[in-house]
Amino acid sequence: MCASVCMCVCPSVCMCLNYPSICVSPVPQPPTITLQSPKDYIFDPRENIVIHCDAKGKPHPSFSWTRNGTHFDVEKDSKVLMKPGSGTLVIDISGEKAEAYEGVYQCTAHNEHGTALSNNIVIRQSRSPLWSKERNEAIMVQRGVSLVLQCRPPAGLPPPVIFWMDNIFQRLPLNERVSQALNGDLYFSNVLPEDTRSDYICYARFPHTQTIQQKQPISVTVLDNSPVGDRKPGFMAPLGATSTNMVLRGETLELECIAEGLPTPEISWSKESGELPSNRMSLKNFQKTLEIRDVTEADAGDYRCVAKNSLGSVHHIIKVTVKAAPFWISAPRNLILAPNETGILTCRVSGDPKPKISWLVNGVPIENAPQDPSRKVEDDTVILSNVQTGSSAVYQCNASNEFGYLMANAFVSVLAEPPRVLTPSDHVYQVITNHPALLDCASFGSPIPTITWFKDVKTSIQNGDPYVIHENGTLEIHVAQKLNSGKYTCIATNTLGIRENHVYLEVKEPTRILKQPEYKVVQRNMNAMFECKVKHDPSLIPTMTWLKDNGELPDDERFVVDTDSLTIKDVTEKDEGTYTCIMNTTLDQDSASAMLTVVEATPTPAIVYEEPDPPSDLELTDQRDRSVQLTWIPGDEHNSPTEKFLIQYEDLLHEPGVWHNLTEVEGTSTTAQLNLSPYVYYAFRVLALNHVGYSQPSQPSRQYRTNPAAPDENPSDVKGVGSEHNNLVISWMPLKGFQSNGPGLHYKIEWRQKDVDQDWSSESVANVTQFVVSGTPTFVPYEIKVQAVNDYGSGPEPEVVTGYSGEDQPLTAPENVQVMVHNSTIAEVHWEPVPTSSVRGKLLGYNVGLLSDTLSVDSCEQVLTFSGNRSEGRLPGLQPYSLYNLCVKVFNSKGEGPPSTSKNFETPEGVPGPPSFLNIVNPNMDSLTLEWGPPLKNNGRLTGYTLKYQPVNTTSELGPMKVMTFPANETSVILIELKSNTLYKFYLSANTIKGSGPNITDESFTVMDTSEFSVHLHLHSMFGMVNVSILEDSAVISWEYSGPHKNVFVEYVVENSKDDWKKELVNGSHSYLLKGLKPGTSYRARVVARDQADSMVHSTKEVTIAVPAVASRQVDIATQGWFIGLMCAIALLILVLLIVCFIKRNKGGKYPVKEKEDAHQDPEIQPMKEDDGTFGEYSDTEDHKPLKGSRTPSNGTVRRDESDDSLVDYGEGGDGQFNEDGSFIGQYSGKKEKDTHEGNESSEAPSPVNAMNSFV
């Protein structure tokens, strides 16, 4: 007996089967490296070195190591331990020099079938060297110049993180003007007086050792005695017009441009002949740094950075080249070969420069390995032909260029194994109906076995609906049905043998909740009962579980669980919630929920009507070819009886996802006999309807497939028309998918000329909706039939439809055309119809073309269409007194026939149109001149003109009408003896012998009397009293006006000024506010009514507006009480500040760390503990002496667990922290130590604890 079987024959084929009855002997396998350390391993000298190397194989491999290319004897070094069963090394470097274990390590895993190699693992110690000793000279610069503060940190491993702070550990603010470069230097595009300070300090944080080193402070003083003026930008970094940058594929490209100038320049980026990759690009450091992540070869090119300010711009080109360390295109894969088989190992890599590929066998260069005639090496490919047992090995592919290397192991295992079926025999699979079933046939063998399946021993199973055989031998049934239950046999075969295995499939009925628990409203202290009736497969053991609010029921005897119900006795408010019944079987489950609401004793609540719940438990019985019986269980009616049930179906074969109405039954029925069509994959669902509305659809029934049959019907809407004069296009409405009744649907087309003794012609077509018969006579009738046919037979005999072949243009013109004129605008035309045979199509009507005497003879001005087979038509809308030319044409759908013989006729005279224009010119006080033009349409011979005119008073009332007549050759008149300043209205019409035509109208004023009396009468009589109210810098003018003119203005001008009057339009108003008047200035103003020509019609008398001068408001501020009080408060505040400063100066002392700074002048912060972020040491770079209580290793670093001197000892709990902008929050004071002189010292400076880590 074996508890489990696990086999791994290649990385992608591993099987672990927990079958107690199966025992399989181990399969030989060469070693495979499963875990190894990264190629570049930087270790912390305060911790042990752990170099990982794990591998698998059969038998389990042994491990060995090389260091710097030579054998590394692990057993001879007491500090080195190799983990049991693994190649992982653990090196204890406590008390040792860590440098002794630096080097290049490689792990070897070996068993009798081959040797696998790890990568070359470079082991290096992390380093955090001290800053070189230097003295920084104070820097003095003029305002506006550029400045660079160099950091030049010590080269650590890995490189440190740089940031700038002041002596109270606050981060120096960075912006567009002041920025930190990638190398850590601090750049000022231009300096300002606020840049003056003595504590510019560069800090370097070394990540592995959590150590922070500090550069000596730099003092900067900005002078303002000779500031530098504005200037265009110039680049501080990089220098010159161009520079270069090389980046490796897959890495991050960082390009930097820092510019100086005044005003501060702005930086922008672009790529020459290309776009920046927006999805991988980001701009940092105030757009001075362009970062592109995951670089590809397409990112190579010229990048332009532009610095611009208001005085100009400058640009710099960075030429970027992209190289690539080797990367995989296709790594070699493990091979399992049978004897005499052939296999290929491929090692496809790419890189720039192109990588060099070398092969090794079991860790030995292939050229130095024992010769193998079955092996052939072609650059990146190894071909193994006719391999033999015992030639198993591990091949290594190494691809390298100047930027790195790749190495991969791939074993070749030569096995001769007959098939083994790993799936236990007679295993029983159980699934629920309509769920997928997966039957396993896990096998192993070499050569790889072929899997075949049989059902009930005799039926061979092929790929295809409903079965799928997967590559691993598993048989899948997409939608399992009862008929799929039975015995299945899988057979594994290779050249060395055959093995079979039997499994069984049982398809079970699903678990369904037939009666769901219902929402309950129960009075307190009453009982509540939830029902949950379930249907399940009899062979499955169900388990009923009740939950309250998705948790277990309370442990209370009031909750009684029965077989299909839950009863809660003496309910209280705590029992409210959602109750869920869950019916579980070993294969599936179903659940339903309902809420319980507990209320006080109240009258019976009103009945709530809702739409019914959806029916459930749909079953299909009495299954026949063209019918099936559907039964269901109705849902809750919610106090409204069900009126009817609607049965819908889905055609899963032709229209999946689309539901169609099939039939309806009475609401008292739960069964329906459904008539079906052949060759349809049916699924049914039911909806219930009450007076509230339809329920939600039920869950679909199981699928029901009907057998194919011959079509029951033929295509509809069969037509025959011609698209050309010599063809017949037969078209029809095709059958829908489910109407086809079976596969292979096509159509049989038959046709013959009607009333001609000839046989039917026929053609069969598919997937089209029309057929073209060519070579037909023009417009002759045809008899047409279209019949549906499929693989199972023909549809019923089709009906005969009559169609016509194509039409052509008519051949003859109408004859005997006659015209009768009724009046000046209406005539009637008659003609003889053309012979039917000459129409050559369906006669649609006749077109009558009219050509007037004013147009070209070649074209008809107007075409009138008379539909149908007509012989006369009425011609309305004719022009009077005109000569017309008329022609008649017959037309069909192809066009018109030839025109008839033209016929001329003339229309009698009519009344003329209105005169073309009427102008009133030269208005005087008592006369007006009228000019007009003749009508555009005389419609006859003009006999003269009639002029009518009458005055219009100020209330728009019309005066007496005067009439004048003029001969046809006169087109102007001067009207005299008119009233001055009066509006007249004129009506002018033209005349023929038929009477007067329509009028053209106009109106005009006569001019005002210019005498003094007349001016006074007309200019002022329409205006009443004018009032003026004068304000500080404005004036309000009000007036009364009763004139008819709408254009009223307030006009004003400075008194004694020659300027033009300023006008303000005030239509509809009787007052206006003049704004913006100058104090101490006099104005003349008036109100004026003007006509449309902007001539003055009425006016008020001029009024004078004298705007008063404004008195001076200047006040001596020195005599104001608020100013005196403010000065006293400021003086008092300054006095208080001086006192406070004096007290703090006498009271303050030095804290211990500050004392060390004073002693050495160049403090540097040393390692911090990882657990609390406190400083491990505070060292001096001048003599590098350790603090009391600490010890320093030989490499200048401090072990993490040996630092006992921390600035936390000087704090009050070590809880100092930084706010969001990097400044430190909190203070620390002195703490008593062993040394007496430190005991009473204190400091109020902020603590640096945790300060540095908050910036990295």
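Residues numbered from 1 in each chain as written. Predicted model: local features only at pLDDT ≥ 70, side-chain atom pairs only at ≥ 80, totals over all residues. Heavy atoms only, no water.

## Regarding the overall build of the chain
We count it as follows: Runs of H or I in DSSP of at least four residues are treated as helices and runs of E of at least two as strands, each being numbered from the N terminus. Residue exposure (1.4 Å probe, protein chains only): buried if accessible area is under 20% of the type maximum, exposed if over 50%, otherwise partly exposed. Whether two residues touch is decided by their heavy atoms; if any such pair falls within 4.5 Å, the residues are in contact. For accessible areas, the Shrake-Rupley method is used with a probe of radius 1.4 Å. Any residue's cover is judged against the shown protein chains and nothing else.
Looking only at helices and strands, the chain has 4 helices and 102 strands in total. In the chain, which comprises 1256 residues, the proportion classed as buried is 43%. Nonlocal contacts in the chain, meaning residues at least 24 apart in sequence, comprise 64% of its contacts between residues at least 6 apart. For the chain, the accessible area works out to roughly 65600 Å², and carbon and sulfur atoms hold 50% of it.

## Looking at the pairing of strand β64 (residues 671-675)
Let me state the cut-off plainly: Pairing between two strands is assigned when DSSP locates at least 2 bridges connecting them.
Residues Ala672 and Leu674 line the buried face of β64, whereas the alternating positions Thr671, Gln673 and Asn675 sit on a face that is not buried. Looking at chain direction, strand β61 (residues 627-633) and β64 are connected through 5 bridges and run antiparallel. The partner of Val628 across the bridge, within β64, is Leu674.

## Considering the nonpolar core
To be explicit about the condition: Buried Ala, Val, Leu, Ile, Met, Phe, Trp, Tyr and Cys residues that are joined via side-chain atoms within 4.5 Å together make up what is termed a nonpolar core.
If you look at the biggest cluster of nonpolar residues, it comprises 25 residues, and the most contacted ones within it are Ile49, Ile51, Trp65, Ile91, Tyr105 and Ile123. Secondary structure elements with two or more residues in this core: β4 (40-43), β5 (49-51), β6 (53-58), β7 (62-67), β10 (89-91), β11 (103-111) and β13 (121-125). The greatest single-element share of this core, amounting to 3 residues, is contributed by β11. Excluding residues within four positions of it along the chain, Ile49 makes contact with Tyr41, Phe43, Leu89, Val90, Ile91, Ile93, Tyr101 and Ile123. Grouped together as the second largest cluster of nonpolar side chains are 21 residues, Trp359, Cys397, Ala399 and Leu406 included.

## Let's talk about the sheet that holds strand β92 (residues 1035-1038)
Spelled out, the test is: Lines fitted to C-alpha atoms define the axes here, with helix axes fitted over just the stretch in contact, and angles between the N-to-C directions of these axes take values from 0 to 180 degrees.
Strand order in the open sheet made by the 3 strands is β91-β92-β95, with antiparallel pairing throughout. Both outer strands of the open sheet, β91 (1027-1030) and β95 (1071-1074), are each paired with one neighbouring strand and no more. Each strand axis lies, on average, 15° off the axis of its neighbour in the sheet, ignoring direction. Across 4 bridges, β92 lies against β95 in antiparallel orientation. The residue bridging Val1036 from the neighbouring strand is Leu1073, located in β95.

## Side note on the packing of aromatic side chains
Note the following rule: Two rings from Phe, Tyr or Trp (for Trp, the six-membered ring) form a pair when their centres are within 6.5 Å of each other. A pair whose planes differ by under 30 degrees is stacked, one over 60 is edge-to-face, and the rest are tilted. Cation placement over rings: the criterion is NZ of Lys or CZ of Arg within 6 Å of the ring centroid and within 35° of the ring normal.
Under the defined criterion, the tally for this structure stands at 20 aromatic pairs. A ring pair is formed by Trp751 and Phe771, whose centres lie 5.5 Å apart and whose planes are at 40°; its orientation type is tilted. Placement of the pair is Trp751 in strand β69 (residues 746-753) and Phe771 in strand β71 (residues 770-774), with a sequence separation of 20 residues. No difference in accessibility class separates Trp751 from Phe771, as the two residues are buried. Members of the aromatic cluster, connected to one another through ring pairs, are Trp65, Phe72 and Tyr105. Across from the ring centre of Tyr681, 4.0 Å away, lies the NZ or CZ of Arg705, which sits over that ring.

## As for the UniProt feature "transmembrane region" (unreviewed entry) in the chain
Put simply, the rule reads: UniProt positions are given in the numbering used here, feature names are shortened, and annotations may be inferred rather than shown by experiment.
UniProt's feature table lists "transmembrane region" (unreviewed entry) at residues 1122-1143, given in the numbering used throughout. For residues 1122-1143, the helix share is 100%, the strand share is 0%, and the end-to-end C-alpha distance is 32 Å.

## Brief notes about the environment of Phe454
On the secondary structure map, Phe454 appears in strand β44 (residues 450-455). Its relative accessible area of 22% is what places Phe454 among the partly exposed residues. For the pair formed by Phe454 and Tyr488, sequence separation is 34 residues and the distance between their alpha carbons is 5.7 Å. Dropping the residues within four chain positions of it, Phe454 is found in contact with Thr459, Ser460, Ile461, Lys487, Tyr488, Thr489 and Ile491.

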